[in-house]
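This is what each chain is made of:
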Amino acid sequence: MATLQDVAKLANVSKMTVSRVINHPEQVTDELQKLVYAAMKELNYQPNIAAKALVNNRSQIIKLFILEEIDTTEPYYMYLLLGIAKTLEKAHYALQVVTDPLVDFGSCDGYIITGFRKEDFSWVKELEKPVVLFGENEQGLDFVDSNNNYGTVMATNYAIECGYEHLIYVGIDVKEAFEMSRELGYQEVMGTLEKEEKIIRFPNRSTITEKYVKENWDKFLPNTCFICSSDRLALGLERGILAMGGSIPNDFGIIGFDGVFLDQVSSPKLTTLKQPVAKMGEVVGEMLVKKIESNGKSQGFRRFLPQLIKRESTRLKNR
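What you are looking at is a predicted structure, and each value in this text was computed from that prediction instead of being measured. Each chain carries its own residue numbering, running from 1 in the written order of its sequence. It should be noted that, the model being predicted, local features are given only for residues of pLDDT at least 70 and side-chain atom pairs only at 80 or more, the latter also being counted only at that level, while totals for whole chains, interfaces and linings use all residues. Remark: hydrogens and water are excluded; side-chain values derive from all non-hydrogen atoms of the structure.

(A) Representation of helix 5 (residues 76-90) within the structure. With 15 residues, helix 5 should reach 21 Å at 1.5 Å per residue; the first-to-last C-alpha distance of 22 Å fits that figure. Whether a residue is buried, partly exposed or exposed follows from its accessible area with a 1.4 Å probe, protein chains only, as a fraction of its type maximum: under 20%, in between, or over 50%, in that order. A run of H or I in DSSP counts as a helix once it spans at least four residues, and a run of E counts as a strand once it spans at least two, with each numbered from the N terminus. If you check which residues of helix 5 are buried, you get Tyr76, Tyr77, Leu80, Gly83, Ile84, Thr87 and Leu88. The arc enclosing the buried residues of helix 5, seen along the axis, measures out at 130°, which places them on a common side. Along helix 5, the residues that are exposed and aim more than 90 degrees away from the buried face are Leu82 and Glu89. Along its buried surface, helix 5 packs onto strand 1 (61-66), strand 2 (94-98), strand 3 (110-114), strand 4 (131-134), strand 9 (252-258) and helix 12 (277-293). Following helix 5 by one or two positions, His92 adopts a phi angle in the positive range, close to 65°. The span expected for a helix works out to 1.5 Å for each residue beyond the first. Relevant arc is that of directions from the helix axis to the C-beta atoms, nothing else. Any pair of residues with heavy atoms lying within 4.5 Å of one another is described as a contacting pair.

What follows is the structure, given as structure tokens:
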């Protein structure tokens, strides 16, 4: 059976370096990691993770709480899971998904929580293990998210550059930090330009916005762009406008937010703000591992800039 010394000799590094790669991969370069992992693979060396967990009084399990409905037709959470798993595998943690905290059993070393609402913070703050949230919050808890405000500022400015006269914000009907940030981005641009604001909010369902368009078609003026808080809301608007004979993007523009699947299957394809969900998943995993290794020390927050993907649901920019 291969030993740590064997791996170090084959990789031409010290035993300490091999140990760091196994136990603290974030402390070594990617080049060293690849070198050591290649030697481990060649020698079929298996680190004794169970022994490590026993010595450190840990379970080597991270729990991911998803506290909202998972729509299997949209792979948002698939990208998130892949990103988190990529990081946790390097740190030798197993990932356990929990959809109902009331039926959560067994020990773990830390929690990643997403899909939370204000009423969840009371029990989240009582958790005894380190926690990092996937989602903006105003409770002072560590988190990773997109820069939601920046995203809608960019989208609203782009709609104006495309020549749309009337701009309507279509939000998700929740009073949560991410939604308030997105809505505020729209309001900031409209206020600066002294343009009239119009905000409507719905549950995050495409069927609801499609129905709304059909029932209120006579209220929408040509040369309008809808700035949406999700691709789901945008997709429903698109279907409704087309069903009523409206022209996209000539008379009506639509900009979504997410960019993980629905934007690509819509017709016309949606202009959207694309979130780097997989990368954000990697970072939320890294933050939690660091928090565990530092005995719960706060890691702060990371915001990622969404990318404006320009497609067929908005006209070309005015020259």
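(B) Representation of the side chain of Thr156 within the structure. With respect to the element layout, Thr156 can be found in helix 7 (residues 148-161). Of the residues examined, Thr156 reaches a relative accessible area of 0% and is grouped as buried.

(C) Expanded view of the sheet that holds strand 1. The 6 strands lie next to each other as 2-1-3-4-5-11, forming an open sheet whose pairing is parallel. Two strands bound the open sheet, and with one partner strand each, they are strand 2 and strand 11 (301-304). Sheet twist, expressed as the mean angle between neighbouring strand axes with direction ignored, is 20°. A pair of strands is labelled paired if DSSP reports no fewer than 2 bridges between them. Of the strand pairs in this sheet, strand 1 and strand 3 are connected by 5 bridges, and their pairing is parallel. Between the N-to-C directions of two axes lies an angle of 0 to 180 degrees, each axis being a line fitted to C-alpha atoms and, for a helix, fitted only over the stretch in contact.

(D) Just helix 1 (residues 4-11), in detail. All buried positions along helix 1 are accounted for by Val7, Ala8 and Ala11. The arc that holds every buried residue of helix 1, seen down its axis, measures 100°, which confines them to one face. As for helix 1, its buried residues are in contact with helix 2 (15-23) and helix 3 (30-43). Looking one or two residues past helix 1, Asn12 carries a phi angle of roughly 60°, positive in sign.

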